[in-house]
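Secondary and tertiary structure notes
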Amino acid sequence: TTAAGEEATTTAATEPMSGVHVAETDAGSALVGPDGLTLYVFTSDTDGESTCYDACAELWPPVPGDTEVSSDLDASLFGTTARTDGTEQLTVNDMPLYWYEPDEVPGDAMGQGFNGVWFVIDAEGSIIEAAADGDVVIDYDYGG
């Protein structure tokens, strides 16, 4: 029975935290989704509204508005915004949140500093502007 108990402990320790939470990423300690993938904001979004649609939203999928937020975070920082397709998107400090499609595993922050307008967010909902690898800013035209 000890082996089974140890196995259960190991499994519990590797289960992802529920909801949006803070974890270590390539860009430092930042907000991540329930699956551990890094979350980003798009500084071109204004007044709490998303401007990322079509090809942009394929590369930067919006975080659904009903995504749970960990109790470790200040719930008052989070809200939702309506998208033009009728769905809701999760926000932090009125900034819509996104994932970056090329990020594959927890800790990846390949979108950090992307085109100088995509950045990770810290636990207080503030933008972390330092690029993941020095000051390299990737210039990529995603069509949006």
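The structure this text deals with has already been given above.
In short, a report on the structure. (Residues numbered from 1 in each chain as written. Predicted model: local features only at pLDDT ≥ 70, side-chain atom pairs only at ≥ 80, totals over all residues. Heavy atoms only, no water.)

Topologically, Val117 is positioned in the loop between strand S6 (95–96) and strand S7 (118–121). Spatially, the C-alpha atom of Val117 lies 6.7 Å from that of Ser44, the residues being 73 residues apart in sequence. Contact partners of Val117, with chain neighbours within four places excluded, come to Val41, Phe42, Thr43 and Ser44. (Helix = DSSP H or I, 4+ residues; strand = E, 2+ residues; numbered from the N terminus. Contact = heavy atoms within 4.5 Å.)

In this section: the sheet that holds strand S3 (residues 40–42). Sheet architecture is open: three strands sit in the order S3-S7-S8, paired in antiparallel fashion. Strands at the two margins of the open sheet, each flanked by one partner only, are S3 and strand S8 (127–128). Looking at chain direction, S7 and S8 are connected through two bridges and run antiparallel. Bridge pairing in S8 places Ile121 opposite Ile127. (Pairing = 2+ DSSP bridges.)

What follows deals with the pairing of strand S2 (residues 28–32). Alignment of strand S1 (residues 21–25) against S2, held across five bridges, turns out to be antiparallel. Bridge pairing links Glu24 to Ser29 in S2. Where S1 folds back on S2, the antiparallel hairpin that results is connected by two residues.

Sheet architecture is open: three strands sit in the order S4-S5-S6, paired in antiparallel fashion. Each edge of the sheet is formed by a strand with only one pairing partner; in this case those strands are strand S4 (78–82) and S6. Pairing of S4 with strand S5 (residues 88–92) involves five bridges; the strand directions are antiparallel. Paired with Gly79 across the bridge in S5 is Thr91.

A few words now on the nonpolar core. In this structure, Tyr40, Cys52, Trp60 and Trp118 are the most contacted members of the largest nonpolar core, which totals 17 residues. Elements represented by at least two residues in this core include exactly S3, helix H2 (55–59) and S7. The element that contributes the greatest number of residues to this core is H2, accounting for three residues. Counting 14 residues, the second largest nonpolar core, distinct from the first, contains Leu73, Leu77, Leu90 and Trp99. (Core = buried A, V, L, I, M, F, W, Y, C linked by side-chain atoms within 4.5 Å. Buried < 20%, exposed > 50% of the residue type's maximum accessible area, 1.4 Å probe, protein only.)

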